[in-house]
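Coordinate inspection notes
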Amino acid sequence: QVTLRAGAELDAHRVNQYTLILRAACAGEDEVQERLFVRVTAGQVLHCDTAFASAEGDVVQVLADVAPRTPLYAVLPQPLGGLTFPSLSFLQFRLQNHNTPLTLTRRGLVLAPDNGFDPSKDTQTFRLEIEVMDHHGHNCSRAVRVQVLPSRRPRVTFPEPHRAVTVTEGIGPQEVVTQVHAGGDNVRYAIFAPVAPTLFTIDEVTGEIRSTRRLEGICAHLLIRAYNALHPGDHATATVNVTVQGTDHQAPRCVPAIFVSQVPETRSPGSTLVTLRCTGSSGTDGGLHYALEGPPSSRSHLCMEGPQLKVNSTLDYDSEAMAAQGFQFTATIVVTVGGQPRQSTRVPVLVTVTPVNEFRPACPSSATFTVPETAAFGSVVGRVAGTDRDYPLDSLEYSLEGESGPAQPFSIDRRTGEIRVVGRLDSQQQKSYRLVVRLTDTHNDLDLRKRQSRLCDVSVRLQAVPDQLPVCIPEVQELRITAGSPGSRQPVTRLVCHGGPDSAVLTYSIVGGNEDGRFRLEGNTVVYLPNDRAEPQPFVLLVEVWGGSGGRRRSSVVALVVHVTPRSTPVPPSTSSQRTTLQKEPLVVVQTEAVWQPPAWFVAVLTISGVLLLATLGCTARSLLCR
């Protein structure tokens, strides 16, 4: 057994480990030597902070209106508490001086007096001598001063010290007659007088005065006291006179008896729509109660404040919820007079919300369009999508500033905002156009003079189309013909040409090789006009083919070499006959056949589908035969 030597002091900060060498031997055996390591760790020692151990001690300032037994100071294991110690279970707290109303708990908390501080005095100072001791006998003992400052809380007061209340007879037990209110902190209420008879009670927290039984024609004078629950000496008194009048036995009469009105959507919440003028059988409006009945949407937008019907929330015409209501609110004002039985009058209400043109139209975020210069008349360039937040949403009319013409070859649809081509476009003359579109709202206000508009800039860029010459197949032809009889018309060939996408019609003209006028064009067909010339003669013709119009004319030239052979003349009979066979020009016929060659996967799918279809039909037929 290894023990600590008496009087030894361990300090883990100086030496935190000791190595002991132990030797042991038994009779007749060799000696054995082993080492024992003893590690020293920091222990729980009580340390006093500078502030707690100083001569002045800690100073705590509190207000005089703190609640009784409120913790004012804590000796905690943290710097602000004054001590540093890992566990409070090993500490003992003791108050050395007992001439103080303050209390020190076993957990080291300094509490306010059981009855609180006196708020009427000036600054008060209490000195505490606190001793803290741990289980090793280490202690800290210093003073703590508690300074009690004058209270800054407001005094309990009644803003209305005198009140007169008139109610109608027939009010049952526990019905609210009136309510009083006093300013201050922790306010409670009590009926100070009269003590008897007990006709009324008061809620000590809310100040509501209620009847204890059914009231009949009486006049009561109540003295109400309000006080601070934490400081009962702070109190105020108010008088309430309650008068119970007789009830009417006829329903009240109201003007108007029915209310129908149109209200603009900009009517602000809280504004009055109508004030009812209602009277009972006594000819006065006293004792009347007004309530609004109807759908939840009507009661959320309209409310009653006494005899006044008011706007409760924003009447937004530009919302889907308002459109679902049909822009109308229906309700009923119920006017009730006290008594048994209660008499009431119902006033129907119909309020129609009218639109107000609040917002200007808004231009689209991007208004740039591109159109090819070869666009045909009436082609759509783009659509200007303006917006308007007034209901109905985006109800706009579109118009272009300036008239359509060469400088502005566009028009806009009045309702849809589509821009169309209505003139000739040429990117060589003008590459882009700046259009000014006017957006004008419609159907957004009852007054048509309050329409609003906005000008929007729209850019239209012309996309140049490359020139495409007419193409003729073939471009050079060599032909042989036999001249017919003079004065006849003999077709030679038909030119096959096609132009670009903007050239629907091509024009043909012989521009060379037809000096004597033996050939002419009929559309795209070359015609030969025979004469009585007997010798063969070749002709080289140049035919110009062009498309387009004006300054954008594009043309190609086709060369035709025509060999004209005179027609044969009768020869007198002779002894020798010779047969001449004319060599004919071979005729080449080109025929194009359309052939569809599906891919391999399509053939495989089609084959499998056919097999499955045949199998299904076979199974169906077998099932029918079995039945």
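Residues numbered from 1 in each chain as written. Predicted model: local features only at pLDDT ≥ 70, side-chain atom pairs only at ≥ 80, totals over all residues. Heavy atoms only, no water.

1. Observations concerning unusual backbone geometry
The condition is simple: Note on conventions: DSSP H or I runs of at least 4 residues are helices, E runs of at least 2 residues are strands, and numbering of each starts at the N terminus. Summary of the burial criterion: residues with accessible area below 20% of their type's maximum are buried, those above 50% are exposed, and those between are partly exposed, where the area comes from a 1.4 Å probe applied to protein chains only.
A cis amide bond links Val 255 to the next residue, Pro 256, at an omega of 0°. Following the sequence through the fold, Pro 256 ends up in the loop between β19 (253-255) and β20 (259-264). Of note, the phi angle at Asp 394 is positive, near 60°, even though the residue is not glycine. Mapped onto the elements of the fold, Asp 394 is located in the loop between β29 (380-383) and β30 (396-400). Since its relative accessible area comes to 42%, Asp 394 is described here as partly exposed. If you check the backbone angles, His 443 has positive phi at about 60° while not being a glycine.

2. Digging into the state of the cysteines
To be explicit about the condition: Any two cysteine sulfur atoms within 2.5 Å of one another count as a disulfide.
Per the counting criterion, the structure on display carries three disulfides. Each sulfur of the disulfide joining Cys 254 and Cys 278 lies 2.1 Å from the other. Taking the sign of the S-S torsion, about 115° here, the bridge from Cys 254 to Cys 278 comes out right-handed. Taken together, the positions of Cys 254 in strand β19 and Cys 278 in strand β22 (residues 277-279) put the pair 24 residues apart, joining distant regions of the chain.

3. Some points on the sheet that holds strand β15 (residues 200-202)
Filter applied, for reference: Pairing between two strands requires that DSSP report at least two bridges joining them. Here, axes are lines fitted to C-alpha atoms. For helices the fit covers the stretch in contact, and angles between N-to-C directions go from 0 to 180 degrees.
Spatially, β13-β16-β15 is the arrangement adopted by the three strands of the open sheet, whose pairing is antiparallel. Unpaired on one side and paired on the other, β13 (176-179) and β15 mark the two borders of the sheet. Neighbour to neighbour, the strand axes of the sheet diverge by 25° on average, direction disregarded. The sheet contact formed by β15 and strand β16 (residues 208-211) spans three bridges and is antiparallel. Residue pairing across strands places Ile 202 opposite Ile 209, the latter belonging to β16.

4. Here's the deal with helix α4 (residues 600-626)
Spelled out, the test is: Expected span, for any helix, means 1.5 Å times one less than how many residues it has.
Counted at 1.5 Å a residue, the expected span for α4 with its 27 residues is 39 Å, and the 40 Å between its end C-alpha atoms agrees. Taken across its 27 residues, α4 has zero buried, putting it largely on the surface.

5. Some points on the environment of Cys 472
Keep this limit in mind: Residue contacts are defined here by distance: any two heavy atoms, one from each residue, within 4.5 Å place the two residues in contact.
Locating Cys 472 in the fold gives a position in strand β35 (residues 471-472). Judged by relative accessible area, which is 5%, Cys 472 ranks as buried. Considering only alpha carbons, one finds Cys 472 and Val 557, 85 residues apart in sequence, at a separation of 8.6 Å. Excluding residues within four positions of it along the chain, Cys 472 makes contact with Val 496, Cys 497, Val 545 and Val 558.

6. What about the UniProt feature "transmembrane region" (unreviewed entry) in the protein?
Convention followed: UniProt positions are given in the numbering used here, feature names are shortened, and annotations may be inferred rather than shown by experiment.
Summarizing the sequence annotation, UniProt attributes the feature "transmembrane region" (unreviewed entry) to residues 600-625 in the numbering used throughout. For residues 600-625, the helix share is 100%, the strand share is 0%, and the end-to-end C-alpha distance is 38 Å.

7. A short note on the nonpolar core
Here is the rule we go by: For the purposes of this section, nonpolar cores are sets of buried Ala, Val, Leu, Ile, Met, Phe, Trp, Tyr and Cys residues that join through side-chain atoms within 4.5 Å.
Ranked by size, the top nonpolar core spans 27 residues in total, and within it Leu 273, Leu 309, Ile 333 and Val 335 carry the most contacts. Contributions of two or more residues to this core are made by β20, β21 (272-275), β23 (288-293), β24 (302-305), β25 (308-311), β26 (328-337) and β27 (343-354). The dominant element in this core, judged by the number of residues it contributes, is β26, at five residues. Apart from the residues within four sequence positions on either side, Val 335 is in contact with Pro 252, Cys 254, Leu 276, Cys 278, Leu 288, His 289, Tyr 290, Gln 343, Ser 344 and Thr 345. Among the nonpolar cores identified, the runner-up in size contains 24 residues, and Val 156, Val 167, Phe 200 and Val 242 belong to it.

8. Structural notes on the sheet that holds β26
Read across the open sheet, the four strands follow the order β20-β27-β26-β23; overall the sheet is mixed. The two strands at the open ends of the sheet, each matched to only one other strand, are β20 and β23. Direction aside, the axes of adjacent strands within the sheet are offset by 25° on average. Bridge count between β23 and β26: six bridges; the pairing is antiparallel. Paired with Glu 293 across the strands is Thr 332, a residue of β26.

9. A few points about the pairing of strand β11 (residues 139-149)
Relative to β11, strand β4 (residues 58-63) runs parallel, the two sharing six bridges. By the bridge assignment, Asp 58 is partnered in β11 with Val 144. Pairing between strand β10 (residues 124-134) and β11: ten bridges, direction antiparallel. Pairing of Glu 131 across the sheet is with Ser 141, part of β11. Joining the antiparallel neighbours β10 and β11 is a turn of four residues, in which Gly 137 adopts a positive phi near 95°.

10. Notes on the pattern of salt bridges
Cut-off, in case you're wondering: Salt bridges are defined as contacts in which a side-chain nitrogen from Lys or Arg sits within 4 Å of a carboxyl oxygen from Asp or Glu.
Evaluation of the coordinates by the stated rule reveals 16 salt bridges. Among the salt bridges present, the one from Arg 420 reaches Glu 418, with a minimum N-O distance of 3.0 Å. Residue Arg 420 is classed as partly exposed on the basis of its relative accessible area of 32%. One salt bridge connects Asp 447 with Arg 449, and the closest N-O pair in it is separated by 3.1 Å. Using a relative accessible area of 22% as the deciding quantity, one classes Asp 447 as partly exposed. Each of the salt bridges in this network shares a partner with another, and the network as a whole consists of Glu 397, Arg 414 and Arg 451.

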